[in-house]
Structure formats: C-alpha cells, structure tokens
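# Residue-level structural notes
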Amino acid sequence: MSYPEIAILGAGPVGLEAALAAVAAGRSFRIFEAGLEVASNVRQWGHVRLFTHWDMSVSERMRQALEDSGQVVPSGDRCPTGTEFVDQVLRPVSELPDVGPWLRPDSRVIEIGREGLLKSDEIGTAARAAPPFRLLIRDSKGSERIEFADVVLDCTGTYDRP
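Residues numbered from 1 in each chain as written. Predicted model: local features only at pLDDT ≥ 70, side-chain atom pairs only at ≥ 80, totals over all residues. Heavy atoms only, no water.

What follows is about the overall build of the chain. Regarding its fold elements, the chain presents five helices and seven strands. For the chain, the α and β elements follow one another from N to C terminus as β-α-β-α-α-α-α-β-β-β-β-β. By principal-axis analysis of the C-alpha atoms, the chain measures approximately 50 × 40 × 30 Å. When each of the 162 residues of the chain is scored for burial, the buried share is 36%. If you sum the accessible surface of the chain, you get close to 9400 Å²; carbon and sulfur atoms cover 54% of it. Averaging the positions of the 18 positive and the 24 negative side-chain charges in the chain gives two centres separated by 4 Å. (Helix = DSSP H or I, 4+ residues; strand = E, 2+ residues; numbered from the N terminus. Buried < 20%, exposed > 50% of the residue type's maximum accessible area, 1.4 Å probe, protein only. Areas by Shrake-Rupley, 256 points an atom, 1.4 Å probe, with all protein chains shown as cover. Lys, Arg positive; Asp, Glu negative; His and termini not counted. Charge placed at Lys NZ, Arg CZ, Asp CG, Glu CD.)

Encoded structure:
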C-alpha cells in the first residue's frame, strides 16, 4: 500500500513531532524549514526561558527517539531557554537517521495550491481533493522550485506575511 507523501512546514517542536509521528506510522515525509537551520524561529528568542520545565517541554515521542539513539535527554523541573531546547532536544531530533535526510532547510514555502486547479475550481466537491498539493518553495538566494505532496501540515507556528 502506498501512503500519501506528507509535507511538513516548519522544523520546530511541532514539525519535528509530526515527523516522528510520520516515522512511527511508516509514512513518507519532507520537512520544509524556512531558516538555514532547524528551529530557526525558536533561535530568534533563544535567550528567553520557556514557561514549562524540561519534563513538560520534551514530548514522550521525542524523549523515546533520542533515548533509543543513545542520547541523554534533559529532564527535571528547570525551565530551559529556547537555545537550550534547540541544542539539547530539537537539533538532536532533526539529526536522527529517520528524520535528518528528509529535512529541507532554507526552504520557505511561498504558496500552496492544488495542481491544475484554480482557487475557485471544484469548491465543495470531492474532486478538489484528488490532485496533489503544489508547493512553491524559495530559498534565501531567491531560487524557486516546485514540490508536490498529498498532505500538508502547517507546523510553522508563525505568520510572517502582512
């Protein structure tokens, strides 16, 4: 059986969690991260402490994946900074063999639509779900490319367009 290709937008905590869920379900995926490195948005406020401690900030899925790879996972009631969270959890998750090869840094998704359909085509019909999503991706140098996916998960957590 062929499962749908999943496009995960954002390589922060939610995007990496979605990637691990896809791995666990045996689904193929790609993670598109607008920044040059994993969790680039979190790094922007890296000096700030999270409001939750390590035990609540690291999901069970992330903890298990890191422990299975032989890594020490932070725990306890101390609230980490954003930088600590990235360096000690998110970056190591992004480097796992089941995740890292599918990470696409410097890949900002500019537009998403259904292949061959205009915005007003097939509204409210089952036919609209048939074609794959068409993603326009731009890197920091302005180069653009098109990629396709059957499912799109917006895990960016940000809205940076006026």
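Before going further, it helps to examine the layout of surface pockets. In this structure, the second largest pocket occupies an estimated 180 Å³ of space. What lines the second largest pocket is Leu20, Val23, Ala24, Arg61, Gln64, Ala65, Ser69, Leu96, Pro97, Asp98 and Val99. (1 Å grid on protein atoms, 1.4 Å probe; cavity = no way out; pocket = protein on both sides within 12 Å on 5 of 7 lines; lining within 4 Å. Points joined across faces, edges and corners; volume = space filled by probe spheres on them.)

Our next topic: the sheet that holds strand S5 (residues 133–138). Strand order in the open sheet made by the three strands is S4-S5-S6, with antiparallel pairing throughout. If you trace the sheet from one side to the other, it starts and ends with strand S4 (108–114) and strand S6 (144–149), each paired once. Averaged over all pairs of adjacent strands, the angle between their axes in this sheet comes to 25 degrees, without regard to strand direction. Relative to S6, S5 is paired through six bridges, and the arrangement is antiparallel. Within S6, the residue paired with Arg134 across the bridge is Phe148. (Pairing = 2+ DSSP bridges. Axes fitted to C-alpha atoms, helices over the stretch in contact; angles between N-to-C directions.)

Our focus in this paragraph is the pattern of salt bridges. Within this structure, the stated rule accounts for 12 salt bridges. Among the ionic pairs, Glu144 bridges to Arg138, the shortest N-O distance being 2.5 Å. For Glu144, a relative accessible area of 45% gives the class partly exposed. According to the relative accessible area criterion, Arg138 is partly exposed, its value standing at 32%. The salt bridge involving Glu147 is made with Arg145; its shortest N-O contact spans 2.8 Å. (Salt bridge = Lys/Arg side-chain N within 4 Å of Asp/Glu carboxyl O.)

Any functional reading would require information beyond the geometric quantities listed.
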